[in-house]
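Residues per chain, in single letters:
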Amino acid sequence: MDVIAFAKEQENVCLDLSAAFTPLSVKTALTEVPEKCLFGSDAPFGEPKLCRQLIEFASPSSSITEMALGGNIERLLQI
């Protein structure tokens, strides 16, 4: 949760959600700093489908899910 507080204070910080240890931390990040959350799977050590499902499960809304699963990185890379 310290990482989320840090991300709130710093302008150029994004959170890779693949490093989360609990669904609560993913839900908190998506709620507190949705514009700074990025989908990651930690592949080949993590399972991409499970990481995606966790974001879909923990997200407070479909628009935040879309931001985390691609919209935020698209904005950062200006695609």
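This text follows the structure it describes.
Draft legend 1. Seen up close, the pattern of salt bridges. As enumerated under the stated definition, the model contains two salt bridges in all. One salt bridge connects Arg-52 with Glu-56, and the closest N-O pair in it is separated by 2.9 Å. Highlighted residues: Arg-52 and Glu-56, both in helix H3 (residues 48-58), separated by four residues, approximately one helical turn. Using a relative accessible area of 37% as the deciding quantity, one classes Glu-56 as partly exposed.

Draft legend 2. Molecular detail of the nonpolar core. With 14 residues, the main nonpolar core has Leu-17, Leu-30 and Cys-37 as its most contacted residues. Where this core is concerned, the elements lending two or more residues are helix H1 (2-9), helix H2 (23-32), H3 and helix H4 (62-77). By residue number, the principal contributor to this core is H2, which donates three residues. The residues touching Cys-37, leaving out its near neighbours within four places in the chain, are Leu-15, Leu-17, Ala-29, Leu-30, Met-67, Ala-68 and Asn-72.

Thresholds, definitions, all that
Residues numbered from 1 in each chain as written. Predicted model: local features only at pLDDT ≥ 70, side-chain atom pairs only at ≥ 80, totals over all residues. Heavy atoms only, no water. Salt bridge = Lys/Arg side-chain N within 4 Å of Asp/Glu carboxyl O. Helix = DSSP H or I, 4+ residues; strand = E, 2+ residues; numbered from the N terminus. Buried < 20%, exposed > 50% of the residue type's maximum accessible area, 1.4 Å probe, protein only. Core = buried A, V, L, I, M, F, W, Y, C linked by side-chain atoms within 4.5 Å. Contact = heavy atoms within 4.5 Å.

Everything listed here is a matter of geometry and, on its own, says nothing about what the molecule does.
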